[in-house]
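So you can see what is in the structure, the chains are spelled out below.
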Amino acid sequence: MQALKGVKVLDFTHVQSGPTCTQLLAWLGADVIKVERPGVGDATRGQLRDVPNADSLYFTMLNHNKRSITLNSKTEQGKDVLERLVKTCDVLVENFAPGALDRMGLTWERIQELNPKMIYASVKGFGPGPYEDCKVYENVAQCAGGSASTTGFLDGPPLVTGAQIGDSGTGLHLAFGIVSALYQRINSGKGQRVLAAMQDSVLNLCRVKLRDQQRLAHGPLNEYTQFGKGIEFGDATPRAGNDSGGGQPGAILKCKGWETDPNAYTYFITQAAVWEKVCDTIGEPGWKTDPGYATPPARLDKLEQIFERIEQWTKTKSKFEVMEICNPQDIPVGPILSMKEIAEEPSLRETETVVEVDHPERGSYLTVGMPVKLSDSPADVKRSPLLGEHTEEILTQVLGYSADEVDQIRASGAIGEMKQAAQ
Ligand code: CAO
């Protein structure tokens with residue numbers, strides 16, 4: 001049995017942040033019922049399409065293990081169905097623009113009237129305050145949450161990261177909030193509102209940069225490369241390039257083949273505890289006792305030169321050879337893996353972190369499976385639903401409508417055509 005078996009989720013999410021959250025709940029065993037607009041569905045179904053007329057990878061990779069019902073919640077019949085879903089489900093998850101659900105008539109007050117046990121979970125761009133009414137996308141959240149200003153090189157502009165910390169990161173935060181609210185409900189018997197603001201989630205992931213902001217008041221940040229180079233600090237946490245955030249000097253260094261392979265690099269950390277092993281490995285045993293190199297403070301103003309010397313060594317090895325040589329000595333290194341290498345990595349397939357899924361419209365594709373492994377609640381990744389594929393099944397089996405009533409709802413225009421997978 002899976003951890004969230006028996007939990008019904010009314011999934012009113014779209015794009016990435018909300019769907020990430022409900023996909024996690026589905027992988028933990030919740031019955032996730034995705035409500036989509038008839039004929040249109042989640043906008044991502046049609047975004048960045050690689051196979052004509054098939055749901056995009058953007059959609060399929062974020063909506064596994066869910067059921068889809070199409071419903072125009074702005075019609076009278078549609079509202080009735082929606083309210084019945086609210087009465088039946090345990091959790092409602094949404095990430096519409098602020099106020100959209102209220103405009104549909106589903107205020108928090110109304111939801112509580114319909115179902116006092118309902119957990120009403122939202123992603124919004126910002127929490128209460130000056131920007132609460134803004135629509136927000138990934139990169140805006142990265143900028144507003146402190147990630148962009150602290151990412152990139154000192155002499156370059158702020159940078160966004162490829163990791164979707166604003167969308168998927170917030171979805172993760174929200175899932176944690178929902179599961180906690182479900183747990184609290186066991187004793188309280190009541191639902192509650194759960195809000196994950198994208199700015200807050202990004203800031204939470206940038207916690208160490210707020211740490212550094214406060215340390216600045218007490219002097220320069222001496223583990224930053226900038227310090228070793230004698231460049232003065234301003235009044236805000238600076239961009240630190242590839243410095244490691246934990247206080248141990250680190251850098252991305254070229255490996256064999258870097259001239260033609262954009263990912264022939266390794267991350268190399270000169271952790272103080274293994275400095276002597278680093279010296280022996282790269283062929284500089286004299287640095288072990290040389291007072292200019294032997295201690296971390298003595299090395300601070302020479303880090304650039306030290307990493308250049310280490311790079312002379314890493315350039316003679318592939319990134320995997322660097323790993324093989326350094327790992328047994330506890331010298332922390334990491335190959336820079338391309339998405340191609342990750343997609344082809346057998347160990348990730350074995351753990352089902354990378355999963356191959358079959359889809360009736362697009363054939364087989366790769367996805368990222370459940371990233372957290374529960375020994376008693378294995379996640380079996382199933383393809384995403386076609387638009388409205390489960391409309392009838394949800395109306396009859398979950399909400400108890402008769403076949404005649406379903407016909408009436410259809411005639412009213414409240415539900416759309418159901419897409420069925422070809423047999
Ligand atoms: N039936 C009828 N109407 C429906 C419907 C349904 N089944 N599903 C959605 N709608 C309506 C909504 O009611 C809303 O209508 P109104 O604006 O008239 O009230 C409208 O569709 C679209 O909602 P939206 O404003 O949320 O959509 P958008 O594409 O304009 O904005 C986004 C998208 C993501 C910027 C916005 O939803 C948002 O800011 N969300 C919160 C932050 C967030 O999650 N951002 C991450 C986006 S990427 O993961």
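Residues numbered from 1 in each chain as written. Predicted model: local features only at pLDDT ≥ 70, side-chain atom pairs only at ≥ 80, totals over all residues. Heavy atoms only, no water.

**Examining the overall build of the chain**
For clarity, the threshold we go by: Each helix corresponds to a stretch of at least 4 residues labelled H or I by DSSP, and each strand to a stretch of at least 2 residues labelled E; elements are numbered beginning at the N terminus. Exposed residues in this analysis have more than 50% of their type's maximum accessible area, buried residues have under 20%, and partly exposed residues fall in between, with area computed by a 1.4 Å probe over protein chains only. Contact definition: two residues touch when any of their heavy atoms are within 4.5 Å. Residues scored as positive are Lys and Arg, those scored as negative are Asp and Glu, and His as well as the terminal groups of each chain are ignored. Note on charges: their place is set at NZ of Lys, CZ of Arg, CG of Asp or CD of Glu.
Summing up its helical and strand segments, the chain has 18 helices and 11 strands in all. Projected onto its principal axes, the C-alpha coordinates of the chain cover approximately 85 × 50 × 40 Å. Relative to its full complement of 423 residues, the chain shows a buried share of 45%. Excluding contacts between residues fewer than 6 apart, the proportion of contacts in the chain whose partners are at least 24 apart in sequence is 66%. On the chain, the mean spot of the 44 positive side-chain charges and the mean spot of the 55 negative ones are 2 Å from each other.

**Looking at the nonpolar core**
Test applied: The term nonpolar core refers to a set of buried residues drawn from Ala, Val, Leu, Ile, Met, Phe, Trp, Tyr and Cys, joined through side-chain atoms within 4.5 Å.
Membership of the largest hydrophobic core comes to 36 residues, with the highest contact counts inside it found for Val9, Leu25, Val91, Val93, Leu174 and Ile178. Listed by contribution, the elements that provide at least two residues to this core are α1 (17–27), β4 (91–94), β5 (119–124), α7 (168–188), β6 (193–197), α8 (198–205) and β10 (354–359).

**Considering the site of the ligand**
As a reminder, the rule being used: Near is defined per residue: the residue qualifies when any heavy atom it owns lies within 4 Å of the molecule or strand. Identification of polar contacts relies on pairs of N or O atoms within 3.5 Å, with a donor-acceptor requirement for protein atoms, meaning one able to donate a hydrogen and the other able to accept it, and with residues adjacent in sequence counted only if both atoms are side-chain atoms. In this description, accessible areas are obtained by the Shrake-Rupley approach with a 1.4 Å probe, and a residue is regarded as covered only by the protein chains that are shown. Gly is placed with the polar residues, together with every amino acid not listed as nonpolar (Ala, Val, Leu, Ile, Met, Phe, Trp, Tyr, Cys and Pro) or charged (Asp, Glu, Lys and Arg).
Lining the immediate surroundings of the ligand are 22 residues, of which Ser17, Ala97, Arg103, Lys135 and Val136 lie closest. At 3.4 Å from a nitrogen atom of the ligand is found a main-chain nitrogen or oxygen belonging to Phe96. In this structure, Lys135 approaches the ligand through a side-chain N or O atom, which is 2.4 Å from an oxygen atom. When the ligand sits alone it has 930 Å² of accessible area, and the protein chains cover 84% of it. Considering only residue class, the shell around the ligand consists of 9 nonpolar, 7 polar and 6 charged.

**Focus: the sheet that holds β6**
What counts, and what does not: For two strands to count as paired, DSSP must find a minimum of two bridges between them. Angles shown run from 0 to 180 degrees and are taken between the N-to-C directions of axes, each axis being a line fitted to C-alpha atoms and, for helices, limited to the stretch in contact.
The 6 strands are arranged β3-β2-β1-β4-β5-β6 in an open sheet whose pairing can be described as parallel. Each edge of the open sheet carries a strand with a single partner, namely β3 (66–70) and β6. Mean inter-strand twist for the sheet, computed between neighbouring axes without regard to direction, equals 20 degrees. By the bridge criterion, 5 bridges tie strand β2 (residues 31–36) to β3 in an arrangement that is parallel. Bridge assignment links Val35 to a residue of β3, and that residue is Ile69. Of the strands in this sheet, β1 (8–12), β2, β3, β4 and β5 touch α1, which is tilted by about 150 degrees from β2. Against the sheet, helix α17 (residues 391–398) engages β1, β2 and β3, with an angle of about 95 degrees to β3.

**Looking at the packing of α7 against α8**
Worth spelling out the cut-off: Should an angle fall under 35 degrees it is taken as roughly parallel, and over 145 as roughly antiparallel, whereas 65 to 115 is taken as roughly perpendicular and any remaining angle as oblique.
Axis separation between α7 and α8 bottoms out at 9 Å; the angle between their running directions is 95 degrees. With respect to α8, the element α7 is oriented roughly perpendicular. Each of Gly169, Thr170 and His173 in α7 lies in contact with α8, whose residues at this interface are Met198, Ser201, Asn204 and Leu205. Of the residues in the contact of α7 with α8, the class split is 2 nonpolar, 5 polar and no charged.

**Let's talk about the side chain of Asp55**
The topology assignment puts Asp55 in the loop between β2 and α2 (57–60). Residue class for Asp55 comes out buried when judged on its relative accessible area of 4%. Side-chain polar atoms of Asp55 contact the side chain of Arg45, separated by 2.7 Å. Not counting residues within four places of it along the chain, the set of residues in contact with Asp55 comprises Arg45, Thr60, His359, Glu361, Arg362, Pro385 and Leu386.

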